Amino acid sequence: MLLVLIAVLLAEEVLAPPPKPTLKVTLAWDAPAESVDGYNVYMLDDLQAQLRVFDAGTNLMLTIINLSRNTQYYFAATACRGGLESEYSNEVGYKTPRK
């Protein structure tokens, strides 16, 4: 009985497809001349047309994970200070690979 169980577990391991790597993008930006409390990064995709906001804290870099395959994304950042938010930075686009 134990040999059958081991054989089944090994067969499932061999037949299972390898996990797909997580799609991610890393964004970086320059600090403005004046001090800020933090940054927000905005992301829009062309499939759901859903705007998402990521709080980057005071970091000048942010990695966004779990992106969908074959999807166009658009990103922009803002600086925050004293409850106010700057205008959007320049927009950056990124299309994830199909496979």
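Per chain, residue numbering runs from 1 following the sequence as it is written. In view of the model being predicted, local features appear only for residues whose pLDDT reaches at least 70, and side-chain atom pairs are presented and counted only at 80 or more, with totals across whole chains, interfaces and linings using the full set of residues. Each side-chain value is derived from all of the structure's non-hydrogen atoms; neither hydrogens nor water enter the calculation.

1. Brief notes about the overall build of the protein chain
Numbering of helices and strands runs from the N terminus; a helix is a DSSP stretch of H or I covering at least four residues, while a strand is a stretch of E covering at least two. Within the protein chain one finds one helix and seven strands. Helices and strands in the protein chain line up, N terminus first, as α-β-β-β-β-β-β-β. Burial status across the protein chain gives 26% buried among its 99 residues. Remark: exposure states derive from per-residue accessible area (1.4 Å probe, protein chains only) relative to the maximum for the residue type, with buried under 20%, exposed over 50%, and partly exposed in between.

2. Considerations on the packing of aromatic side chains
Any two of the Phe, Tyr and Trp rings considered here, Trp counted by its six-membered ring, make a pair once their centres fall within 6.5 Å; the pair's planes then place it as stacked at under 30 degrees, edge-to-face at over 60, or tilted in between. Within the structure shown, the criterion is met by three aromatic pairs. Residues tyrosine 42 and tyrosine 88 carry aromatic rings whose centres are separated by 5.1 Å and whose planes lie at 85° to one another, so their mutual orientation is edge-to-face. You can see tyrosine 42 sitting in strand β2 (residues 38-45) and its partner tyrosine 88 sitting in the loop between β6 (84-85) and β7 (92-95), a full 46 residues away along the chain. Residue tyrosine 88 is classed as exposed on the basis of its relative accessible area of 53%.

3. Section: the environment of methionine 61
You can see methionine 61 is positioned in strand β4 (residues 61-64). Between the alpha carbons of methionine 61 and tyrosine 39 there is a distance of 9.6 Å; along the sequence they are 22 residues apart. Contacts were defined at the residue level, with two residues in contact if any of their heavy atoms lie within 4.5 Å. Leave out the neighbours within four places in its chain, and methionine 61 touches Thr26, Leu27, Ala28 and Trp29.

4. Comments concerning the confidence of the model for the protein chain
In this model, the protein chain carries an average pLDDT of 83, and 79% of its residues clear a pLDDT of 70 or more. Here pLDDT means the predictor's own confidence in every residue, given as a number from 0 to 100. Every residue in residues 1-13 is under pLDDT 50, and counting partners more than four places away or in other chains gives zero contacts.

5. Looking at unusual backbone geometry
The backbone of asparagine 66 shows a phi angle near 60°, a positive value even though the residue is not glycine. Take asparagine 66: it is sitting in the loop between β4 and β5 (72-81). Residue classification places asparagine 66 among the exposed positions, given a relative accessible area of 58%. Phi angles above zero are rare outside glycine, and asparagine 70 is one such case at about 50°. Looking at the secondary structure, you find asparagine 70 in the loop between β4 and β5.

6. Quick word on the environment of asparagine 66
Taking the C-alpha atoms as reference, asparagine 66 lies 9.2 Å from valine 25; in sequence the two are 41 residues apart. If we ignore the near neighbours within four places in the chain, the residues touching asparagine 66 are Thr22 and Leu23.

7. Side note on the nonpolar core
Here the nonpolar core consists of buried residues drawn from Ala, Val, Leu, Ile, Met, Phe, Trp, Tyr and Cys, with membership extended through side-chain atoms lying within 4.5 Å. If you look at the biggest cluster of nonpolar residues, it comprises 16 residues, and the most contacted ones within it are Val41 and Ile64. At the level of elements, β1 (25-28), β2, β3 (51-57), β4 and β5 are the ones that each hand at least two residues to this core. The leading source of residues in this core is β5, at four residues. Setting aside anything within four residues of it in sequence, one finds isoleucine 64 in contact with Leu23, Lys24, Val25, Leu27, Val41, Met43, Phe54 and Phe75.

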